[in-house]
Amino acid sequence: MIRAGQHPLPVAQYLRLREQIPALYGLLSVNAAILAYTHRALAPRFLVLTVPAILITACTLRMLMWMRPISSADLEVNVVRRRMHGTVALAIVMSVAYVSWALVLDGYGGPYEHGHVAIFVAVTVLGCIFCLTFLPLAALLVALSVLGTFLAYSFAQATEVLIAIALNISLVTAVVLKILRDYYGSFISLETSQRDLQNERRQAQSLSEDNARLAQTDALTGLPNRRYFFSTLEGLLSRAGPRDVFTVGLIDLDRFKPINDTHGHAHGDRLLRAIGQRMINQCPPDTVVARLGGDEFGLIVLDGPAKAESVTQALCQAIREQVRIGDMVVSVGCSAGLAVFPETGTSADLLFDRADFALYHAKKEKRGQCVRFSDKLERLIRSEQAIDAALQAADLRSEVSLVFQPIVGTDNLQPIGAECLARWTSRSLGQISPELLIAAAERVGRAREVALVLFDQAIAALAHLPAPMRISFNLSGHNLCDVDTITALLDRLAASRCEPSRLLFEITETSLITDMEIADAALRRLRDTGASIALDDFGTGYSSLSSLHKLPLDVVKIDRSFAARLDEASGRRLITAIRNLARSLSLECVIEGIETESQLISARLAGFSLAQGYFIARPMTLDILLEQLRQKHAELWNAA
Ligand code: C2E
Ligand code: CA
Ligand code: CA
């Protein structure tokens, strides 16, 4: 059976507690004896003999139990955990018993005896929490129950000095608790790094499989690491019999990168640690969960696809729960891909690649879901390979062209510009969508070439369009982050006679997120020429408009998925809010994907002055666009 996430930390914690808990019981017993002694002539015998005798006996028994020699069975993680839970409960019971007894004694004696009771409470609570440093939960609960009882008692007595003492003790306890928590935190990190160090050493010394596994732990999350994942997978494959079935899975976090980039790596690490812990808790015994690197996790489920899917869904569910980091609450999504042995592949590389492809497909088409590698994906891989091969052989200048979709004013439907959209008619495959073209161009390393061929056509078209009509040119994330592409675009722009102010570059949020700094520098270079920048498909990504205010943007294009929502009141409110926010940031707004007259009217009423969509005009060749412009011009001319 494979087990993930074995954690020896509780054992280290237990061993440290063993050194301190006997002292705690000793302290309680001695203090109780002294308090009983000072009250011996003042309180009834029952209170100064019987009760302390019971308390001290209980303490002594517990002390002896903690001091007894231990065997290796005592150091099983489960045994240790059970004992520590018992200790937490008992610590509360004992401390409340002691304090209640002391407060009953407070009813006897003069000012010195009252003082002694107060000191007893203070010393007891501080002593207890010091001795419970390695069990911070118990320390906190003891402090809360003792001080709660004491505060309630002092308020009930309504004695000013007593209340002041109670508040004083509470304050000191709070500070001590904070210091102890920090100390405990450094103990944990020291333990973790020592364990990693030990694991490394052990691996070097011993070839035993178990020790090697211990060394294959990811330091950040405590999960097994990539090495462990692959050695387990190889091991399973080498031992697999004819009837064996198991599933390899990959989980990738959505929106992790922006959180890491915006809030810093320390926050990112804490988020990963929290997610790792949840995965450890959620992981069933016949499953391995490993962190493969970054925000990618691997699974091996010793079962077929149905069980693997339910395990993966449960893990994804646990990942999606909100995480509190400092004073911030964040949540990330995740997508997953699965590949089943033996039906999908019989080698580690093939299983991994296909799970990876299923994951890629999930991220692209079914974000947030778990996708299993299937015959359909197999065909898709083949078609991707066919597209890649066709693009590698393509003569870009003759196969790739532009069509133009007008962008109009919502009041008079007059075009103020047009968006250039790529079209690829492959000699071997026929029409291929621009999204597939762009993705394939990146895969086969022709992204720059494709962008430049299209840009040449765009500036040539601009020369034919009547001023002040503008054209919009789409730049992919790859284009934007490639310094040489930007330089080549600028060179071509400078060599042409076109006015840069009539040019608009459309970029998407995803292209910004790949590398914010490089993208920002590229945008500034483009904008320095006098060209404008539009943020495309706004609303589909994770950024908020306000987080983008530092970027050099001029226009926001609201994604076409919002246009359909113009038919509902709630959608209209949302779109109006986006519109107002854009206006407050001095950004021009275009609404895309207007497909009906009523959407156009709603867009106008929501305050959009510019729109684009099939209802207004479909993308068309330059010749048709010019012809339509001429006709419109003639109509206006005749009307005048
Ligand atoms: P996009 O930049 O958001 O372009 C708008 C897409 O929406 C176009 O699809 C357009 O035909 C379509 N569209 C316009 N009005 C409507 C409407 O009313 N309803 C609906 N359902 N769709 C509408 P197209 O031409 O297939 O382009 C798809 C995407 O491919 C573009 O989305 C853009 O991301 C990318 N793309 C196209 N041309 C280029 C290019 O030259 N370079 C780069 N990097 N990407 C391009
Ligand atoms: Ca666009
Ligand atoms: Ca768009």
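Residues numbered from 1 in each chain as written. Chains lettered and ligands numbered in written order. Predicted model: local features only at pLDDT ≥ 70, side-chain atom pairs only at ≥ 80, totals over all residues. Heavy atoms only, no water.

Asks: Can you walk me through the sheet that holds strand β1 (residues 246–254) in this structure?
Replies: Strand pairing in a sheet relies on backbone hydrogen bonds. The paired strands run either parallel or antiparallel. Read from one edge of the open sheet, five strands run β2-β3-β1-β6-β7, paired in mixed fashion. Strands with a single pairing partner mark the edges of an open sheet, and in this sheet they are β2 (287–293) and β7 (370–372). Here the strands of the sheet are splayed against their neighbours by 20 degrees on average, with no regard to which way each runs. Direction of pairing for β1 relative to strand β3 (residues 296–301): antiparallel, over a ladder of six bridges. The partner of Asp252 across the bridge, within β3, is Glu296. (Pairing = 2+ DSSP bridges. Helix = DSSP H or I, 4+ residues; strand = E, 2+ residues; numbered from the N terminus. Axes fitted to C-alpha atoms, helices over the stretch in contact; angles between N-to-C directions.)

Asks: So what exactly am I meant to see when it comes to the coordination of the calcium ion (ligand 2) here?
Replies: Ideal values differ by geometry: the angle at a metal is 109.5 degrees with four tetrahedral donors, but 90 or 180 degrees with six octahedral donors. The coordination sphere of the calcium ion (ligand 2) contains the protein donors Glu419 (OE), Asn474 (OD1), Glu506 (OE) and Asp536 (OD), at a distance range of 2.1 to 2.4 Å. In the primary structure, the donors to the calcium ion (ligand 2) are separated according to the pattern E-x54-N-x31-E-x29-D. A distance of 3.9 Å spans the gap from the calcium ion (ligand 2) to the calcium ion (ligand 3), which Asp536 bridges by coordinating each metal. You can see Glu419 sitting in strand β9 (residues 415–426) and its partner Asp536 sitting in strand β13 (residues 532–538), a full 117 residues away along the chain. (Donors = N, O, S within 2.8 Å, 3.2 Å for Na, K, Ca; no water.)

Asks: Looking at this structure, I do not really get the packing of aromatic side chains. What am I missing?
Replies: Aromatic ring pairs are reported here in terms of the distance separating the ring centres and the angle at which the planes meet. For the structure on display, the rule yields 11 aromatic pairs. Consider the rings of Phe229 and Phe230, whose centres lie 5.3 Å apart with planes at 90 degrees: the pair is edge-to-face. On the numbers, 6.0 Å between centres and 20 degrees between planes, the contact of Phe455 with Phe505 is stacked. One end of the pair, Phe455, is in helix α16 (residues 447–464); the other, Phe505, is in strand β12 (residues 503–508), with 50 residues separating them in the sequence. Grouping residues by exposure puts Phe455 and Phe505 together as buried. Members of the aromatic cluster, each reached through a chain of ring pairs, are Tyr98, Trp101 and Phe120. Note that Arg40 overlies the ring of Tyr37, its terminal NZ or CZ placed 4.1 Å from the centroid. When the ring centre of Tyr614 is taken as origin, the NZ or CZ atom of Arg618, which lies over that ring, is 3.9 Å away. (Phe/Tyr/Trp six-rings, centres within 6.5 Å; stacked < 30°, edge-to-face > 60°. Buried < 20%, exposed > 50% of the residue type's maximum accessible area, 1.4 Å probe, protein only. Lys NZ or Arg CZ within 6 Å of the ring centre and 35° of its normal.)

Asks: What exactly am I supposed to notice about the domain arrangement of the protein chain here?
Replies: How big an interface is tends to be expressed through the accessible area that disappears when the partners come together. Taken as a whole, the protein chain is organised into domain 1 (9–201), domain 2 (222–381) and domain 3 (389–625). Distance between the C-alpha centres of domain 1 and domain 2: 44 Å. (Domains from an automatic or database assignment.)

Asks: I'm lost on the coordination of the calcium ion (ligand 3) in this one. Help?
Replies: Only Asp536 (OD), Asp537 (OD), Glu592 (OE) and Glu592 (OE) from the protein coordinate the calcium ion (ligand 3), and they sit 2.2 to 2.4 Å from it. Each donor residue of the calcium ion (ligand 3) belongs to the same chain, with the gaps between them written as D-D-x54-E. For Asp537, a relative accessible area of 25% translates into the label partly exposed.

Asks: Can you walk me through the packing of helix α12 (residues 348–365) against helix α13 (residues 375–393) in this structure?
Replies: When two helices pack together, their arrangement is given by the angle between the helix axes and by the axis-to-axis distance. At a minimum axis distance of 11 Å, the contact between α12 and α13 shows a crossing angle of 85 degrees. Regarding the angle of α12 to α13, the classification is roughly perpendicular. Contacts between α12 and α13 pair Arg354, Phe357, Ala358, Tyr360, His361 and Lys364 from the former with Leu377, Glu378, Leu380, Ile381 and Glu384 from the latter. Tallied by class, residues from the contact of α12 with α13 come to six nonpolar, one polar and four charged. (Parallel < 35°, antiparallel > 145°, perpendicular 65-115°, else oblique. Contact = heavy atoms within 4.5 Å. Nonpolar A, V, L, I, M, F, W, Y, C, P; charged D, E, K, R; others polar.)

Asks: How do you make sense of helix α8 (residues 226–239) when you look at a structure like this?
Replies: Along an α-helix, residues three or four apart share an orientation, since each turn contains 3.6 residues. Over its 14 residues, α8 runs 20 Å from end to end, which matches the ideal 20 Å to within 8%, given 1.5 Å per residue. Within α8, burial applies to Tyr228, Phe229, Thr232, Leu233, Gly235, Leu236 and Leu237. The distance from a side-chain oxygen at the start of α8 to the backbone nitrogen of Arg227 is 3.2 Å, and the residue carrying that oxygen is Asn225. (Expected span 1.5 Å × (residues − 1). Polar contact = N/O pair within 3.5 Å; in protein donor to acceptor, adjacent residues only side chain to side chain.)

Asks: Would you mind going over the state of the cysteines with me for this structure?
Replies: Cysteine pairs can be covalently joined through their sulfur atoms, and such a bond is termed a disulfide. According to the stated counting rule, one finds zero disulfides in the structure shown. There is no disulfide at Cys131, and the cysteine sulfur nearest it, in Cys128, is 7.0 Å away. Cys131 sits in the buried class, given a relative accessible area of 12%. Between Cys316, a cysteine without a disulfide, and Cys334, which holds the nearest cysteine sulfur, the sulfur-to-sulfur distance is 3.3 Å. The exposure class assigned to Cys316 is buried, which follows from its relative accessible area of 2%. (Disulfide = S-S within 2.5 Å.)

Asks: What is the right way to read the pattern of salt bridges from this model?
Replies: A side chain with one charge may pair with a side chain of the opposite charge, provided their charged atoms come close. Counted according to the given criterion, the structure contains 25 salt bridges. Between Asp252 and Lys363 there is a salt bridge whose closest N-O contact spans 2.6 Å. Linking Asp252 in strand β1 with Lys363 in helix α12, this pair joins segments that are 111 residues apart in sequence. Overall, Lys363 belongs to the partly exposed group, its relative accessible area being 23%. Arg367 is the partner of Asp254 in a salt bridge, and the nearest nitrogen-oxygen pair spans 3.9 Å. Remark: Arg367 occurs in the loop between α12 and β7 and Asp254 occurs in strand β1; sequence separation between them is 113 residues. (Salt bridge = Lys/Arg side-chain N within 4 Å of Asp/Glu carboxyl O.)

Asks: Any chance you could explain the site of ligand 1 here in plain terms?
Replies: Neighbouring ligand 1 are 22 residues, the closest being Ala422, Arg423, Arg560, Glu595 and Tyr614. Note that an oxygen atom of ligand 1 is positioned 3.1 Å from one of the side-chain N or O atoms of Glu419. A distance of 2.9 Å is found between an oxygen atom of ligand 1 and a side-chain nitrogen or oxygen belonging to Arg423. Here ligand 1, which alone exposes 790 Å², has 86% of that area covered by the protein. Breaking the shell around ligand 1 down by element, the ones donating at least two residues are β9, α15 (434–444) and β13. For the shell around ligand 1, the element with the highest residue contribution is β9, accounting for four residues. The class makeup of the residues in the shell around ligand 1 is nine nonpolar, five polar and eight charged. (Near = heavy atom within 4 Å. Areas by Shrake-Rupley, 256 points an atom, 1.4 Å probe, with all protein chains shown as cover.)

Asks: So what exactly am I meant to see when it comes to a negative patch on the surface here?
Replies: Taken together, Glu234, Asp349, Asp353 and Asp356 make up a surface patch of like negative charges. Considering every element that reaches the negative patch, the biggest residue donor is α12, with three residues. Note that Asp356 resides in helix α12. (Patch = residues over 30% accessible without salt bridge, like charges linked within 9 Å, V, L, I, M, F, W, Y side chains within 5 Å. Lys, Arg positive; Asp, Glu negative; His and termini not counted. Charge placed at Lys NZ, Arg CZ, Asp CG, Glu CD.)

Asks: Looking at this model, I keep getting lost on unusual backbone geometry. Mind explaining?
Replies: Leaving glycine aside, a negative phi is the common case for residues, and trans is the common case for peptide bonds. Residue Phe341 is joined to Pro342 through a cis peptide bond whose omega torsion reads 0 degrees. Of note, Pro342 is situated in the loop between β6 (333–341) and α12. Here the amide bond leading from Ala467 into Pro468 is cis, since omega sits at 5 degrees, within 30 degrees of zero. Examined against the element boundaries, Pro468 turns out to sit in the loop between α16 and β11 (470–474). At Asp537, a residue that is not glycine, the phi angle is positive and equals roughly 55 degrees. Mapped onto the elements of the fold, Asp537 is located in strand β13.

Asks: Help me understand the pairing of strand β8 (residues 400–409) in this model?
Replies: Note on strand geometry: in a regular strand, side chains alternate between the two faces of the sheet. For β8, a buried count of nine out of 10 residues is recorded, marking the element as mostly surrounded by other parts of the structure. Pairing analysis gives nine bridges linking β8 to β9, with the strands arranged antiparallel. Paired with Gln405 across the two strands is Glu419, which belongs to β9. Counting the residues that bridge the hairpin from β8 to β9 gives five residues, and of these Leu413 lies at a positive phi of roughly 60 degrees. Pairing of β8 with strand β16 (residues 610–611), which is carried by two bridges, proceeds in the antiparallel orientation. Among the inter-strand pairings, Val408 is bridged to a residue of β16, identified as Ala611.

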